[in-house]
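Listed below are the residues making up each chain.
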Amino acid sequence: LILQVSPRTEELSELYRELSQHPGLSTACLGPDLTTQYGGKYCSLYTEWSQRDLARAKNIKFCRQYLLFHDGASIVYSGPVGTCSEIKDELLSRESPSGTLKAVLRKVPSKEKEKEKEKQFLEVWDQNRKVKSIDLTALDKHGSVCDDDQFGCLAWSHSETHLLYVAEKKRPKTESFFQSKAPELGTSDEDTGQPKKEDAPLKGEQFVYHEDWGETLSTRSVPVLCILDIEGSSISVLEGIPEHLSPGQAFWSPEDTGVVFVGWWHEPFRLGLRYCTNRRSALFYVDLTGGKCELLSEDTKAVWSPRLSPDSCRIVYLENNVLGPHQQCSRLLMYDWYTKQTSTVLEPVPRQEWGAFPGIYCGALPQMCWAADSRRILLDTAQRSYQDMFVVDTATGATTLLTADGPRGSWSVLTIDRDLLVARFSTPSCPPMLKVAVLPAAGHEAQTQWICLQDTPPVPGISWGIRTLQPPPEQEHPQYGGLDFDAILLRPTEGPTAQKPPLVVMPHGGPHSVFTAGWMLYPAALCRVGFAVLLVNYRGSLGFGQDSVASLPGNVGTQDVRDVQLCMERVLQEEALDASRVALVGGSHGGFLACHLIGQFPDTYRACVVRNPVVNIASMVATTDIPDWCLTETGLPYAPNALPDPAQWTEMLHKSPIRYVDRVRVPVLLMLGEDDRRVPPKQGLEYYRALKARGVPTRLLWYPGNSHALAGVEAEADGFMNMALWLFKHL
């Protein structure tokens, strides 16, 4: 019976294979300008893409190059050069300021008899060959190099003679109290001839616990700043960094006199840092000659993404308040290197208004974000359910939308160099494409003319639109009244269900994140197999103003649940959809909402699929890498030294979906990542056992080697297949 009403498994897997082959565009780099024999200018554009390889069960990276001919005011001609080629084992890469050299951090599998599974090499290439290859593992000056986007960097000095990077601090060797072995000849001190002290392993230190920075950063504990002298092939670890700080996101100061970096406080203990732009941190400068460390920003805020202007006079960076919601509407600040003054360029926006700047809601500024005039910067940010690009005048705070004349969807800045602008664009029905433009002179930015370099045809059979909803008066927030919210609806336009498709309701996680109108594999694939998909940006989502963010803590489990339910009911009233076949799909806080909805509205939904859901805040607080989230979203104050009292435990339990488990009747599919530090898999197991004890049909998928996002290629593909088959079976 199931096979009669659903596509065959082979057809479903073939559709997923086809859609998953659309590559994502990750980085872009512009080469130096060259002049033709006729006086025209051109430059190369290097791009990196990622793609799922289902046969190898891994994400692969590949590069593609283009040529841009321009006259300084517009792009005259552009086109690809050659074919794609896979990038293997590159962890980081960065071109030098002149564009004549390139640094590459590469991992290399070790030989069988070597202790380390893999080694790290730092390479330097010129335009014709590899000129340096340095075995960092053999030099043993530090641990593994940080290649993540939280701490990691690979920065050329302005003189192009040195490279700056971040690595894990070298740990001393340890051994058992009862270790017995023959004496060995260790290395000797050059001055005394005696064995070096660091060569002697420490006894009793084998099992000391080392804190780490949580989800996806479990190998990051004590980062250090390192400098490679390219000519001498020597590495030095910078001294002078205060011991209570973990440094990262570093770059060279003007004149190469020192290093500017972000330092995160790790006392009294480390909390999860990934997706948490509310951790106490500040901007610092360490002098290379004296080793003195100087504070450049306030030390009571959370800062990140410092970017130095082309004239080396100003640094812009983002700032949030410490603690509170993990993602907020951020400030943009600017530090003047020579006057030592800090100014606020943009403040958080309380309410989003059409036609006005929506505020800054982004994980990071583009690595290259400054215009050539060293006055304007470019950034992309959520604007309700779109993602748009803006140019900001740092002197006046004026903002201009760069994509006003372009198609609506999701725009991201990849790079800007010499006012040549490279961007990524996608929609829910169109995979990412590459666009380029020349940034017009100040005051004329709205006239930006975009050229598509890598056109991607839309996926057939998908239509989409955005609707805005206003909560009824009885559901208004007493302090933040008048807030509205959005939802993106994808509908199938082909196939037997196109006239009246079943509906999959999908709230996002976070809760302070947002669905923007860009390419998303799961919603597109579900739409292609006949489901309408409703992506709900309930109150508390980013892109709608800081008031919307602030309205949700203390109201999780009620305000967000009612918003999703209202949205679903309104869409069923206004659209030709099958109201008898409605399902829920959600991950993390989206899973929290899905579990709430099937308990609070047990007669509405026919099936539910959740990925790493929060089900019991009270039991999560002691096991997650973000205990502050549990208290903040419950509406309680967080302090590192505070222990929840019985009333707080009760409040956390009261706001959790486990409270409604007795009312759940719909079949539930759970997908859990074994290595999830954010919402540990015991949360899902707790719900699974509660459902099983009550006779509710349930199935659990357990993914080893996967963390919170379940982003492994194999887990993602298996998750989609099981989700789709579960929905077909129960709808």
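Residues numbered from 1 in each chain as written. Predicted model: local features only at pLDDT ≥ 70, side-chain atom pairs only at ≥ 80, totals over all residues. Heavy atoms only, no water.

Spelled out, the test is: UniProt positions are given in the numbering used here, feature names are shortened, and annotations may be inferred rather than shown by experiment.
In the annotation of an unreviewed UniProt entry, the protein is listed under the name Acylamino-acid-releasing enzyme and assigned to Piprites chloris. Recorded under Subcellular location (unreviewed entry), the UniProt text for the protein is reproduced unchanged: "Cytoplasm". Check the Subunit (unreviewed entry) section of the UniProt entry for the protein; it says "Homotetramer."

## Here we look at the overall build of the protein
Worth spelling out the cut-off: Put simply, DSSP H or I for four residues or longer makes a helix, DSSP E for two residues or longer makes a strand, and each gets a number counted from the N terminus. Atoms considered for the radius of gyration are the C-alpha atoms alone. The globule rule reads 2.2 Å times the number of residues to the power 0.38. For the exposure calls, accessible area comes from a 1.4 Å probe over protein chains only, and a residue counts as buried if that area is under 20% of its type's maximum, exposed if over 50%, partly exposed in between. Any two residues whose heavy atoms approach within 4.5 Å are treated as being in contact. Computed by Shrake-Rupley with a 1.4 Å probe, the accessible areas treat only the displayed protein chains as cover when residues are assessed. Only four residue types enter the charge count: Lys and Arg as positive, Asp and Glu as negative, with His and the chain ends excluded. To locate a charge, take NZ of a lysine, CZ of an arginine, CG of an aspartate or CD of a glutamate.
Of the regular secondary structure elements, the protein holds 12 helices and 38 strands. Scaling as 2.2 N^0.38, a compact globule of 731 residues should have a C-alpha radius of gyration of about 27 Å, and the protein matches this with 27 Å. Judged by the C-alpha coordinates and their principal axes, the protein covers about 80 × 80 × 55 Å. Taking all 731 residues of the protein together, 55% fall into the buried category. By sequence separation, contacts in the protein at least 24 residues apart represent 62% of the contacts at least 6 residues apart. Carbon together with sulfur atoms contributes 51% to the accessible area of the protein, which is approximately 31,800 Å² in total. Each charge sign in the protein was given a centre, from 71 positive and 87 negative side chains, and these centres are 5 Å apart.

## Here's the deal with the packing of aromatic side chains
How two aromatic rings sit relative to each other is set out by the distance from centre to centre and by the angle between their planes. Stated formally: Planes of paired rings set the category: under 30 degrees apart is stacked, over 60 is edge-to-face and the rest tilted, where pairs are Phe, Tyr or Trp rings (Trp by its six-membered ring) whose centres lie within 6.5 Å. A ring has a charge above it when a Lys NZ or an Arg CZ is no more than 6 Å from the ring centre and no more than 35 degrees off the ring normal.
Here the structure, examined in full by the defined rule, presents 15 aromatic pairs. Note on phenylalanine 357 and phenylalanine 390: the rings are 5.0 Å apart at their centroids and 90° apart in plane angle, and the pair reads as edge-to-face. Here phenylalanine 357 is found in the loop between β23 (342-346) and β24 (376-383), whereas its partner phenylalanine 390 is found in strand β25 (residues 386-393), with 33 residues between them in sequence. Grouping residues by exposure puts phenylalanine 357 and phenylalanine 390 together as buried. Three or more aromatic residues joined by ring pairs form one cluster here, namely Tyr16, Tyr522 and Phe720. Directly above the ring of tryptophan 337 sits lysine 340, whose terminal nitrogen or CZ lies 4.8 Å from the centroid. Positioned above the aromatic ring of tyrosine 386 is the side chain of arginine 408, whose terminal nitrogen or guanidinium carbon lies 3.9 Å from the ring centre.

## Things to note about the sheet that holds strand β17 (residues 258-265)
Counted only if it meets this: A pair of strands is considered paired only if DSSP assigns at least 2 bridges between the two. For every element, the axis is a line fit to its C-alpha atoms; helices are fit only across the contacting stretch, and the angle between N-to-C directions ranges from 0 to 180 degrees.
Ordered by their spatial adjacency, four strands build an open sheet running β16-β17-β18-β19, and the pairing between neighbours is antiparallel. Bordering the open sheet on either side are β16 (245-252) and β19 (293-295), each of which pairs with just one other strand. For this sheet, the mean angle separating the axes of adjacent strands, direction not counted, is 35°. Pairing of β16 with β17 involves six bridges; the strand directions are antiparallel. From the neighbouring strand, proline 247 faces β17, where its bridge partner is glycine 263.

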